[in-house]
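Listed here are the chains, written in short residue letters.
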Amino acid sequence: MGCLTNAARGFVSVQYYKRRAGGDPHKSMRIRDGGNLRSPGGVLRLAMRLTKRARELGGYDDLWVSLADATGALGPASGARVLLSTWNRGLFLAEHGFDAMQDRGGKPVNLDLRRLRKSFKSKRYLQAGGVLPDFATGHTREVAGRHYADIGAHEEIHDQAVEAGLSEALAVHLPPPVVLDEEGGRLDDGSQEVPPEAVRHALSGATDVWLSSCRNFFDPPYSFKKGAACPVPPWVCLECPNAVFTTRHLPAVLSVLGTIEAQREEFSTAEWTARFAVAHERIVKGVLARFSALQIATAQAIAEADGPRLALPASFLETLR
């Protein structure tokens, strides 16, 4: 019987046949191995030794061969899985000091190891970093993902992965915001060219559109009609290549950031990410990171003291409902 192969460094591959696996019932799994019954490989090796003589006499290749209770005939034993499970359960209870525990009726605790499957699979999923091909041992990727990966215990790490993915996508596809100091000098990496006239307008406030200055309000990248006014809500300035940010815009930007942060308590992590992750990323890493702590503190004081003048536009509030 050659179901155990490639033994190395305390592990061995077990080849087995899974009847309910559909078109590909032949499976393989890497398990712990050792010379004692505390490893799956050790339990399988013991079963193979105990039934070796019976397999040879009957010419069988099954793991467990014994005499049938009713007929006394020699053949594969369908109850081997239950027997091995009971054996493992007793070892587990004794090893962890649970063998003396009793249930509410005063009877010994009956531990069904199958109920620990999701806990074990969850641990393996986290160890694999959520990579299904590395995690889906013994199952198809679809079954492993549906039954053991997409569970409540993993919601937070999945949300974090979505947020990280959005951040990476933004870093690749969106140019960083244009940020100027009080003299018109560039505080960003200078990847976008800003004409001198646009710099003067940004510093004077002549082209302000609440969150930023706009280099060309009548030629936005979001309109198909030449010469038409920008049709998008003002917070889209955070993603627009026409936007230019200066210290004068910081109070309004901080006001938006405060509102966005407050929405974390109103929405689930996934919904908050879908609504606000892009804007939050652009504000924190694209705009605020370019200014000094003193400039931000000054702008925060202005934002907190100048409430009515910094009120959020109604179009912004519509997205929060």
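Above this note sits the structure.
Let us look at the structure shown here. Bear in mind the structure is a predicted one, so any value in this text is a computation, not a measurement.

What counts as what
Starting from 1, residues in each chain are numbered consecutively following that chain's sequence as written. Only residues with pLDDT of at least 70 get local features here, since the model is predicted, and only at 80 or more are side-chain atom pairs given and counted; chain-wide, interface and lining totals rely on the full set of residues. With hydrogens and water excluded, all non-hydrogen atoms of the structure serve as input to the side-chain values. Each reported salt bridge corresponds to a side-chain nitrogen of Lys or Arg within 4 Å of a carboxyl oxygen of Asp or Glu. Secondary structure counts use DSSP, requiring at least four H or I residues in a row for a helix and at least two E residues in a row for a strand, with both numbered from the N terminus. Only protein chains enter the accessibility calculation, which uses a 1.4 Å probe. A residue is then buried if its area is under 20% of the maximum for its type, exposed if over 50%, and partly exposed in between. Stacked, tilted and edge-to-face pairs are distinguished by plane angle, under 30 degrees for stacked and over 60 for edge-to-face with tilted covering the rest, among Phe, Tyr and Trp rings (Trp via its six-membered ring) whose centres lie within 6.5 Å. Whenever a helix is involved, its axis is fitted only over the stretch in contact; in every case the axis is a line through C-alpha atoms, and angles between N-to-C directions fall within 0 to 180 degrees. Here the word oblique covers every angle except those under 35 degrees (roughly parallel), over 145 (roughly antiparallel) and from 65 to 115 (roughly perpendicular). Here a residue-residue contact requires only that any non-hydrogen atoms of the pair lie within 4.5 Å. Patches here are clusters of residues that have more than 30% relative accessible area and form no salt bridge, with a 9 Å joining cutoff for like charges and a 5 Å cutoff for nonpolar side chains (Val, Leu, Ile, Met, Phe, Trp, Tyr). Surface exposure here means Shrake-Rupley accessible area, sampled with a 1.4 Å probe, where a residue is shielded only by the protein chains that are shown. A strand pair is defined by DSSP finding two or more bridges across the two strands.

## Some remarks on the pattern of salt bridges
Step number 1: If you walk through the whole model with that rule in mind, you get five salt bridges.
Step number 2: For D33, the salt bridge is made with R45, and the minimal N-O distance between the two is 2.7 Å. A residue pair is termed long-range when its members are at least 10 positions apart, and D33 in the loop between β3 (26–32) and α1 (40–50) and R45 in helix α1 qualify at twelve residues.
Step number 3: Overall, the relative accessible area of 18% leaves D33 in the buried class.
Step number 4: Residue class for R45 comes out partly exposed when judged on its relative accessible area of 30%.
Step number 5: A salt bridge links E261 to R264; the shortest N-O distance between them is 2.8 Å.
Step number 6: Owing to a relative accessible area of 37%, R264 belongs among the partly exposed residues under this scheme.

## Some remarks on unusual backbone geometry
Step number 1: For N6, which is not a glycine, the phi torsion comes out positive at approximately 55°.
Step number 2: With respect to the element layout, N6 can be found in strand β1 (residues 4–8).
Step number 3: The exposure class of N6 is exposed, given its relative accessible area of 58%.
Step number 4: Even without being a glycine, R9 presents a positive backbone phi close to 55°.

## Brief notes about the packing of aromatic side chains
Each aromatic ring pair is characterised by the separation of its centres together with the angle its planes make.
Step number 1: Enumeration over the complete set of coordinates arrives at three aromatic pairs.
Step number 2: The interplanar angle of 55° and the centroid separation of 6.2 Å between the aromatic rings of W272 and F276 together place this pair among those described as tilted. Placement of the pair is W272 and F276 together in helix α10 (residues 269–287), with a separation of four residues, close to one helical turn.
Step number 3: Relative accessible area serves as the criterion here: at 2%, W272 is assigned to the buried category.

## Points about the packing of helix α9 (residues 250–262) against helix α11 (residues 293–305)
Step number 1: Where α9 meets α11, the axes come as close as 8 Å, and the angle between the chain directions of the two elements is 75°. Classified by the interaxial angle, the pair formed by α9 and α11 is roughly perpendicular. Contacts between α9 and α11 involve L250, P251 and L254 on the former and, on the latter, Q295, I296, A299, Q300, I302 and A303.

## Details of a nonpolar patch on the surface
Step number 1: On the surface, L57, Y60 and L74 cluster together into a nonpolar patch covering about 260 Å² of accessible area.
Step number 2: Checked against the element boundaries, Y60 lands in the loop between α2 (52–58) and β4 (65–67).

## Brief notes about the sheet that holds strand β2 (residues 11–17)
Step number 1: Spatial strand order, β1-β2-β3: three strands in an open sheet with antiparallel pairing. Of all strands in the sheet, those with a lone pairing partner are β1 and β3, marking the two edges. Going across the sheet, the axis of each strand differs from the next one's by a mean of 20°, ignoring polarity.
Step number 2: Strand direction decides the pairing type here: β2 and β3, joined by seven bridges, are antiparallel. Note that in β3 the partner of F11 across the bridge is R32.

## As for the side chain of T51
Step number 1: For T51, the location among the structural elements is in the loop between α1 and α2.
Step number 2: Not counting residues within four places of it along the chain, the set of residues in contact with T51 comprises L63, W64 and V65.

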